[in-house]
Amino acid sequence: MKKSFCIIFLFVGISLSAQDMAVKTNLLYDATTTFNLGAEFCLAPKWTLDLSANYNPFTFSDNKKWKHWMVQPEARYWLCEAFNGHFLGLHSGYAFYNAGGVRFPFQDKSTRDYRYQGWATGVGFSYGYSWILGKRWNLEATLGFGYIYSSYDKYECATCGDFKNSDKKHYFSPTKAGISIIYMID
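Residue numbers here run from 1 along each chain, matching the order of that chain's written sequence. Under the rules for a predicted model, residues below a pLDDT of 70 receive no local features and side-chain atom pairs below 80 are neither given nor counted, while totals for whole chains, interfaces and linings still include all residues. To obtain the side-chain values, all non-hydrogen atoms of the structure were included, while hydrogens and water were left out.

So, about the overall build of the chain. Looking only at helices and strands, the chain features 2 helices and 8 strands. The helix and strand sequence of the chain, counted from the amino end, reads α-β-α-β-β-β-β-β-β-β. Per-residue accessibility, obtained with a 1.4 Å probe over protein chains only, is compared with the maximum for each type, and a residue is labelled buried under 20%, exposed over 50%, and partly exposed between these values. For the chain, with 186 residues in total, the buried portion stands at 38%. Considering only intrachain contacts with a sequence separation of at least 6, the fraction spanning at least 24 residues in the chain is 58%. Accessible surface area values rest on a Shrake-Rupley calculation with a 1.4 Å probe, where residue burial reflects the displayed protein chains alone. About 10900 Å² of surface is accessible on the chain, with carbon and sulfur atoms providing 68% of the total. Secondary structure elements are defined from DSSP: runs of H or I of at least 4 residues count as helices, runs of E of at least 2 residues count as strands, and each element is numbered from the N terminus. Note on contacts: a residue pair is in contact if any heavy atoms of the two residues lie within 4.5 Å.

Taken in spatial order, the 8 strands close into a barrel running β1-β2-β3-β4-β5-β6-β7-β8, and their pairing is antiparallel. On average, each strand axis in the sheet is inclined to that of its neighbour by 20°, with strand direction left out of account. Both strand β3 (residues 47-56) and strand β4 (residues 65-78) contribute to a ladder of 10 bridges, which runs antiparallel. Paired with Asp50 across the two strands is Glu74, which belongs to β4. Here a strand pair is declared whenever DSSP counts at least two bridges between the two strands. Axis definition: a line fit to C-alpha positions, over the contact stretch in the case of helices; interaxial angles, taken between N-to-C directions, run 0 to 180 degrees.

Further remarks concern unusual backbone geometry. You will see that Thr33, though not glycine, has its phi angle at about 60°, which is positive. Note that Thr33 resides in the loop between α2 (27-31) and β2 (35-44). Of note, Phe83 is a non-glycine position whose phi angle comes to about 70°, a positive value. What makes Phe83 buried here is its relative accessible area of 4%.

Okay, the packing of aromatic side chains next. Aromatic ring pairs: the centre-centre distance and the angle between the two ring planes describe each pair. For this analysis, a ring pair means two rings from Phe, Tyr or Trp (six-membered ring only for Trp) whose centres lie within 6.5 Å, classed as stacked if their planes differ by under 30 degrees, edge-to-face if by over 60, and tilted for the remaining angles. For the coordinates displayed, the defined rule picks out 16 aromatic pairs. Seen from their ring centres, Tyr116 and Tyr152 are 5.5 Å apart, and the 70° between their planes marks the pair as edge-to-face. Here Tyr152 lies in strand β7 (residues 137-155) and Tyr116 lies in strand β6 (residues 115-132), a separation of 36 residues in the sequence. In this pair, the class of Tyr116 matches that of Tyr152, namely buried. Members of the aromatic cluster, connected to one another through ring pairs, are Trp69, Tyr94, Phe96, Trp119 and Tyr149. Placement of a positive charge over a ring is assigned whenever Lys NZ or Arg CZ falls within 6 Å of the ring centre and within 35 degrees of the normal to the ring plane. Positioned over the ring face of Tyr155 is Arg115, at 4.0 Å from the centre of the ring.

Pasting the structure below:
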């Protein structure tokens, strides 16, 4: 067992070189007051693994909230080279949420009249493009679409909290959107 770990770490150490890791923040999430941080690792000349985490702890006026935490890993295939140009991705995600008084994108307008507390998971495909801005800086745009499963409790109104029912939902929708600033690490 020890030998296996040593061999794995030896190969990982050998493969790491300049421009093999990046840290990033998604400006779209920043605009919604969601803290987010991502890291992307080069696995092969045209393959990377992107790992992102997002957290929003805020409640706003009139008890409006979209509190959540989410993780979203993604395997990416780059059409030119890693961290440059077009890429295709396969991502999954998992989130816990407590949202009320806001309209969920791509959902019925009545979502703003209730509070929802639950979890969601899903899988999707994405397309993106990364522009090299300088030696260490990139700008990236990405959009993903896929399947989401959600299990939640629904409460009567956004502020009072009277329990209404539990439900589950399966649907196809956008699963990822981003405009990210990226810093490359040697």
